[in-house]
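Per-entry structural report
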Amino acid sequence: MKTADRTTLTPLDLCILIAHETVSLLNTDAEALDAALHLRTGLDVFAAASKLSVDAIPLLMWIDQEMESARQFTATKQDTPHLIDPDRLLPVPDAAAQLNAVWMLFQTAVNAPGDYRHTLLKTARTLTEMGGLEDMLLTTKIPAAGFLRVEDLRAELEEVRMALQPQGAEDHIAVQPALE
């Protein structure tokens, strides 16, 4: 991706990216519930620290719905409908976007209590592992599914909001960590 074509991640974009990668993980490995829960917690902590808790509610609901689907699949081997087609979740952010995400998570961690710092570090590590950052930097590997663009993330958020609106996103209570 050319630098001129790149849009810098905003804190909300990073929240969407974390949700995107969490759901992508669940769609490729239904037994990855522990890793998905760590990413969900990372999203929750980052959103609270960025004062985006309300904006993150549909993303947390999306993850919760996909985690429940993964549990059902593990128990019954019956696939359930997904909010977003799993094939749309295959592209990964380019190296610059991943580094931007890591930097944002680290900046947030600096002002967070110790346990939240660990959560944000683990979130950054998981995002870059899933996104293949090391391969991109060492081998200039381009993923087969292509790169995820910020515009794609923003479109996902709108699609998730629209799909969850009838379910009462405003009634969803997420555990919001207190960051001071």
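The shown structure was predicted, so the numbers you read here are calculated from the model rather than taken from an experiment. (Residues numbered from 1 in each chain as written. Predicted model: local features only at pLDDT ≥ 70, side-chain atom pairs only at ≥ 80, totals over all residues. Heavy atoms only, no water.)

Quick notes on the side chain of Thr108
Structurally, Thr108 is set in helix α4 (residues 95-110). In this structure Thr108 touches Phe46, Ala49 and Leu120, once residues within four positions along its chain are discounted. (Helix = DSSP H or I, 4+ residues; strand = E, 2+ residues; numbered from the N terminus. Contact = heavy atoms within 4.5 Å.)

Things to note about the side chain of Gln98
One can find Gln98 in helix α4. Judged by its relative accessible area of 3%, Gln98 falls in the buried class. Beyond its immediate stretch of four places on either side in the chain, Gln98 contacts Pro93, Leu127, Thr128, Gly131, Gly132, Leu133 and Met136. (Buried < 20%, exposed > 50% of the residue type's maximum accessible area, 1.4 Å probe, protein only.)

A short note on the nonpolar core
Core analysis: the biggest nonpolar cluster contains 48 residues, and Leu14, Leu43, Leu59, Trp62 and Leu105 have the highest contact counts within it. Among the secondary structure elements, those contributing two or more residues to this core are α1 (11-28), α2 (33-49), α3 (53-76), α4, α5 (114-131) and α7 (150-164). Excluding residues that lie within four positions of it along the chain, Leu43 makes contacts with Cys15, Ile18, Ala19, Leu59, Leu60 and Ile63. (Core = buried A, V, L, I, M, F, W, Y, C linked by side-chain atoms within 4.5 Å.)

Topic: the pattern of salt bridges
Per the counting criterion, the structure on display carries 7 salt bridges. Salt-bridge contacts for Asp64 lead to Arg40; the nearest nitrogen and oxygen are separated by 2.6 Å. Placement of Asp64 in helix α3 and of Arg40 in helix α2 is noted, with a sequence separation of 24 residues between them. Residue Asp64 is classed as partly exposed on the basis of its relative accessible area of 25%. Between Arg71 and Glu68 there is a salt bridge, and its shortest N-O distance comes to 3.6 Å. A residue pair is termed a helical-turn pair when its members lie 3 or 4 positions apart in one helix, as Arg71 and Glu68 do in helix α3 at 3 residues. Residue Arg71 is classed as partly exposed on the basis of its relative accessible area of 40%. Judged by its relative accessible area of 36%, Glu68 falls in the partly exposed class. When salt bridges with common partners are traced through the structure, they connect Arg149, Glu151 and Asp152 into a single cluster. (Salt bridge = Lys/Arg side-chain N within 4 Å of Asp/Glu carboxyl O.)

Quick notes on a nonpolar patch on the surface
A contiguous nonpolar patch, built from Leu99, Leu137 and Leu138 and spanning about 320 Å² of accessible area, is present on the exposed surface. Relative to the assigned elements, Leu138 resides in helix α6 (residues 133-139). (Patch = residues over 30% accessible without salt bridge, like charges linked within 9 Å, V, L, I, M, F, W, Y side chains within 5 Å. Areas by Shrake-Rupley, 256 points an atom, 1.4 Å probe, with all protein chains shown as cover.)

Treat this as a map of the structure, not an account of what it does.
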